[in-house]
Amino acid sequence: MGNIPLVIAARPVLLPPTTIVDHYYRGGERLAALRGVPFPSPRRPEEWLASTVHRADQPDVGRSRLADGSLFAALVESDPTAWTGSAHGAPGAGPADTGILVKLLDAGQRLPVHVHPTRGFARDHLHSCYGKTEAWYVLETHGDDPAVWVGFTEDLDQDELAARVDAQDSDWMLSRMNKISVRPGDGIVVPAGQAHATGAGVFVVEVQEPTDFSILLEWSVTTATREESHLGLGFERAFGTVSRHALSPTQLGLITQHLDPDVRGGALMRVLPQAADPFFRVDVAVPDGDETVAVPRGFAVLVVLDGRGALGWAGAGESQPIERGQVYAVPDAVGDWGVSGAARVVVCRPSADWPSVQ
C-alpha cells in the first residue's frame, strides 16, 4: 500500500475537488461551478466524493485523494473502526469499505438506458456483496423538459428486448419507460435491476452502493462500445439482472418524493423515500436562525450546497467553518455532530444496518 497517512479520525476531513477523467457522456459545467474548479472538458460530468472504490477495470481512477495527494481509501484503511465504526466493513468488501459511494452528477446530455445488478446477481457473477441500487437528489434542472426515466411501463418479452438492444433502438426503449419530470428537491430511488436514464440538464447528488457495475442497454449515444457494455459477462447472462416487468404508478410512488428546497428546520430532513433505507440515507440540514441541526455519529459525506456556516462536534468542543462547494468526510470517531449558520448541506450515510448486507 506504500506509505499510509496518519490517522485523522478526531475531526472531519475536507476533500479537495478531484473530478475524474473524461467520461463516455457529456456534462460537468454546473458541477465545476459548485466546486469552484475549471471546466477543461465537456466530458467531466461526475465527481466521486470520499470514494474508496474505483471505476470498473480501472484501479487508478475514481478513488478520492486528500490534499496531499494520498488516497482517502488508505486513510480509512489505516483505522476503519474510527472512520466507520466497523473493523471490517461489509462481508468480503475489503478494509476500506464505507458502505456508500457518493457522486455529483451533472448530465449535459441524456444518459444511456442502463441497468445496475442486484446484490444476488453481483454475488453470483461479480464476486461482490454489493449490487448497485442508487438514488438521486435533484439539485438543479435546466432546459425545457428536465426528466429521468425509471423502469418499464409494460412487461417486455426477453427476446424482443434483446433484439431491440442489439439494434440500438433507443426510441423503442424510451417509449416503454416511465418518464418522470423532475425539479430541485426531488428524491428518486433507482432499485437495482430497473432500466433507467438521467435526462440532459439534471444535476444531482447521487448516492449508491459502492460499486461501478453498469450494463448499458444503449451505448450508441455514448463513446462506449457494445463489448464495453455488459461487464464482460455477455448480454445473454447480463440480461439475467434486468427487470422486464412493468413498474406501476403505485410502485413509482414508493420510490419518489419531494422536499421543498427552500424549507428550513431544526432537524435533519430526509430527501429519499423509505425504499432507500436498506441501502443508504440522504438528508438535508438547513439551520433556521441560531439553531444547530444535529447529526448522529457514524460515517458521513457532507456536501455544502449553499451559504456559509459551521460544522461542530460536541465531544471535542470543536467546530469547522464550512462554505458552498466544500465536501467533507466525517468519521464515526467524532461522535454526534451538527451544522449551524446560514448553510444548506446534504448529508449522505450508509444504511442504519450497515455493515450488514442482506
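Our structure's up above, just so we're on the same page.
Residues numbered from 1 in each chain as written. Predicted model: local features only at pLDDT ≥ 70, side-chain atom pairs only at ≥ 80, totals over all residues. Heavy atoms only, no water.

**Observations concerning the pattern of salt bridges**
Part 1: One pass over the full model with this rule turns up 19 salt bridges.
Part 2: Linking K103 and E46 is a salt bridge whose minimum nitrogen-to-oxygen distance equals 3.6 Å. On the criterion of sequence distance, the pair formed by K103 in strand 3 (residues 101-107) and E46 in strand 2 (residues 46-49) is long-range, its members being 57 residues apart.
Part 3: Classification of E46 by relative accessible area gives buried; the value is 6%.
Part 4: For R226, the salt bridge goes to D166, with nearest N and O atoms at 3.1 Å. Within this pair, whereas R226 is found in the loop between strand 11 (215-216) and helix 7 (235-238), its partner D166 is found in helix 5 (residues 158-167), the two being separated by 60 residues in sequence.
Part 5: In this structure R226 comes out as partly exposed when scored by relative accessible area, which is 33%.
Part 6: Residues joined in a network through salt bridges with shared partners are E46, K103 and E206. (Salt bridge = Lys/Arg side-chain N within 4 Å of Asp/Glu carboxyl O. Helix = DSSP H or I, 4+ residues; strand = E, 2+ residues; numbered from the N terminus. Buried < 20%, exposed > 50% of the residue type's maximum accessible area, 1.4 Å probe, protein only.)

**Some remarks on the state of the cysteines**
Between two cysteines, a covalent bond joining their sulfur atoms is known as a disulfide.
Part 1: Overall, the coordinates contain zero disulfides when judged by the stated rule.
Part 2: For C129, which is in no disulfide, the shortest distance to another cysteine sulfur is to C348 and amounts to 20 Å.
Part 3: The exposure class assigned to C129 is buried, which follows from its relative accessible area of 12%. (Disulfide = S-S within 2.5 Å.)

**Points about the sheet that holds strand 5 (residues 134-141)**
Part 1: If you walk across this open sheet you meet the six strands as 2-3-10-5-8-12, and the pairing is antiparallel. The sheet is open, and its two borders are formed by strand 2 and strand 12 (256-258), each paired with just one other strand. Here the strands of the sheet are splayed against their neighbours by 20 degrees on average, with no regard to which way each runs.
Part 2: Sheet topology note: the strand 8 (residues 186-190)/strand 12 ladder contains three bridges and is antiparallel. Counted as the bridge partner of D186 is H258 from strand 12. (Pairing = 2+ DSSP bridges. Axes fitted to C-alpha atoms, helices over the stretch in contact; angles between N-to-C directions.)

**Section: the packing of aromatic side chains**
Part 1: Applying the stated criterion across every chain yields a total of seven aromatic pairs.
Part 2: Between the aromatic rings of F72 and W83, the centroid separation amounts to 5.3 Å while the plane-to-plane angle is 85 degrees, which identifies the pairing as edge-to-face. Note that F72 is positioned in helix 2 (residues 72-78) and W83 in helix 3 (residues 80-84), a separation of eleven residues in sequence. The same class applies to F72 and to W83, which are both buried.
Part 3: Each residue in the set F72, W83 and F299 is aromatic and connected to the rest through ring pairs, giving one cluster. (Phe/Tyr/Trp six-rings, centres within 6.5 Å; stacked < 30°, edge-to-face > 60°.)

**Considering the nonpolar core**
Part 1: Ranked by size, the top nonpolar core spans 81 residues in total, and within it F72, V150, L217, V301 and V346 carry the most contacts.
Part 2: Membership of the second largest hydrophobic core comes to 17 residues, among which are L302, V339, V345 and V347. (Core = buried A, V, L, I, M, F, W, Y, C linked by side-chain atoms within 4.5 Å.)

**Some thoughts on unusual backbone geometry**
Leaving glycine out, the prevailing phi sign among residues is negative, and the prevailing peptide bond configuration is trans.
Part 1: Between W354 and the following residue, P355, the backbone shows a cis peptide bond with an omega angle of 15 degrees.
Part 2: Here P355 lies in the segment after strand 19 (337-350).
Part 3: Within the chain, L231 stands out as a residue other than glycine whose phi angle is a positive 60 degrees.
Part 4: Within the fold, L231 resides in the loop between strand 11 and helix 7.
Part 5: You can call L231 partly exposed: its relative accessible area is 24%.

**Re the layout of surface pockets**
Part 1: In this structure, the largest pocket occupies an estimated 640 Å³ of space.
Part 2: What lines the largest pocket is a set of 28 residues, among which H23, Y24, R55, D212 and E228 lie closest to the centre.
Part 3: Of all the secondary-structure elements, those providing two or more residues to the lining of the largest pocket are strand 3, strand 5 and strand 9 (196-198).
Part 4: Computed from the structure, the second largest pocket encloses a volume of approximately 530 Å³.
Part 5: Around the second largest pocket sit 24 residues that line it, and V53, H54, A93, P210 and T211 are the ones nearest its centre.
Part 6: Here the lining of the second largest pocket is composed, by residue class, of eleven nonpolar, eight polar and five charged. (1 Å grid on protein atoms, 1.4 Å probe; cavity = no way out; pocket = protein on both sides within 12 Å on 5 of 7 lines; lining within 4 Å. Points joined across faces, edges and corners; volume = space filled by probe spheres on them. Nonpolar A, V, L, I, M, F, W, Y, C, P; charged D, E, K, R; others polar.)

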